[in-house]
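# Structural characterization, general
Okay, here's what each chain looks like letter by letter:
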Amino acid sequence: MRRRLLQQAPAPWLTSGKLQLAELLLQSHQLAFGKALAAAPQELFSSDLVVLAHDGSADPCLTYANAAALRLWERPWNAMVGMPSRLTAEQHERSSRAQALQQALAQQSIEGYSGIRISSSGRRFQIHNARLWTLLRADGSPCGQAAAFSDWWWL
């Protein structure tokens, strides 16, 4: 019986909470950049773009990672979502990452961000021309941030 229940459980990115988050990602991106990120929340997970989001806590934790992000960081959903987002970068890269996130928060969004990141296996990669934007609740208050990019290469 338990096996049947586990088989029937939706993928974590298809739960109602994560689909609502994906919708918020899409709406906030449209507001910030004036263009669609994906046609629907379900399509965001399978997009060729790498897409990540974190919450608005003092030490933000990842709340969303699409399939492209999971492959790039070499982590399964349950290891990626929930971890502090600062851990996506090496220690010496974190201050420049934090500055870019602060700038995106102050301006609501930025384009053209580049930085070095590290996968779970220790492989370093350069991201280029990323878009960073603030996630906004219905009342306009910030509740997190997101990033999307398609340009990256292994170092």
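These numbers were taken from a predicted model, which means no experiment stands behind them.

What follows concerns the pattern of salt bridges. On inspection of all chains with the given rule, the structure shows two salt bridges. Residues Arg-86 and Asp-59 are paired through a salt bridge, measuring 2.9 Å at the closest nitrogen-oxygen approach. One end of the pair, Arg-86, is in the loop between helix H5 (77-80) and helix H6 (94-107); the other, Asp-59, is in the loop between strand E1 (50-55) and strand E2 (62-65), and 27 residues separate them in sequence. In this structure Asp-59 comes out as partly exposed when scored by relative accessible area, which is 34%. Note that Glu-90 is salt-bridged to Arg-124, the shortest N-O span being 2.8 Å. Placement of Glu-90 in the loop between H5 and H6 and of Arg-124 in strand E4 (residues 124-136) is noted, with a sequence separation of 34 residues between them.

Outside of glycine, negative phi angles account for most residues, and trans bonds account for most peptide bonds. For Glu-74, which is not glycine, the phi torsion reads 55° and is therefore positive. With respect to the element layout, Glu-74 can be found in the loop between helix H4 (67-72) and H5.

Another point: the side chain of Thr-88. Residue position: Thr-88 is located in the loop between H5 and H6. Engagement of the side chain of Thr-88 in a polar contact is seen with the backbone oxygen of Ser-85, the distance being 2.8 Å.

Bringing empty space enclosed by the protein into the picture now. One pass over the structure, following the stated rule, counts one cavity of 30 Å³ or more. Approximately 210 Å³ is the volume attributed to the largest cavity. Every residue lining the largest cavity is counted, 18 residues in all, and those nearest its centre are Leu-52, Arg-97, Leu-101, Leu-132 and Ala-147. Mapped onto the lining of the largest cavity, the elements with two or more residues apiece are E1, H6, strand E3 (109-118), E4 and strand E5 (142-149). Considering each element in turn, the lining of the largest cavity owes the most residues, four residues, to E5. Looking at the lining of the largest cavity residue by residue, the classes come out as twelve nonpolar, four polar and two charged.

Here is what the cut-offs are and how they apply
- Residues numbered from 1 in each chain as written.
- Predicted model: local features only at pLDDT ≥ 70, side-chain atom pairs only at ≥ 80, totals over all residues.
- Heavy atoms only, no water.
- Salt bridge = Lys/Arg side-chain N within 4 Å of Asp/Glu carboxyl O.
- Helix = DSSP H or I, 4+ residues; strand = E, 2+ residues; numbered from the N terminus.
- Buried < 20%, exposed > 50% of the residue type's maximum accessible area, 1.4 Å probe, protein only.
- Polar contact = N/O pair within 3.5 Å; in protein donor to acceptor, adjacent residues only side chain to side chain.
- 1 Å grid on protein atoms, 1.4 Å probe; cavity = no way out; pocket = protein on both sides within 12 Å on 5 of 7 lines; lining within 4 Å.
- Points joined across faces, edges and corners; volume = space filled by probe spheres on them.
- Nonpolar A, V, L, I, M, F, W, Y, C, P; charged D, E, K, R; others polar.

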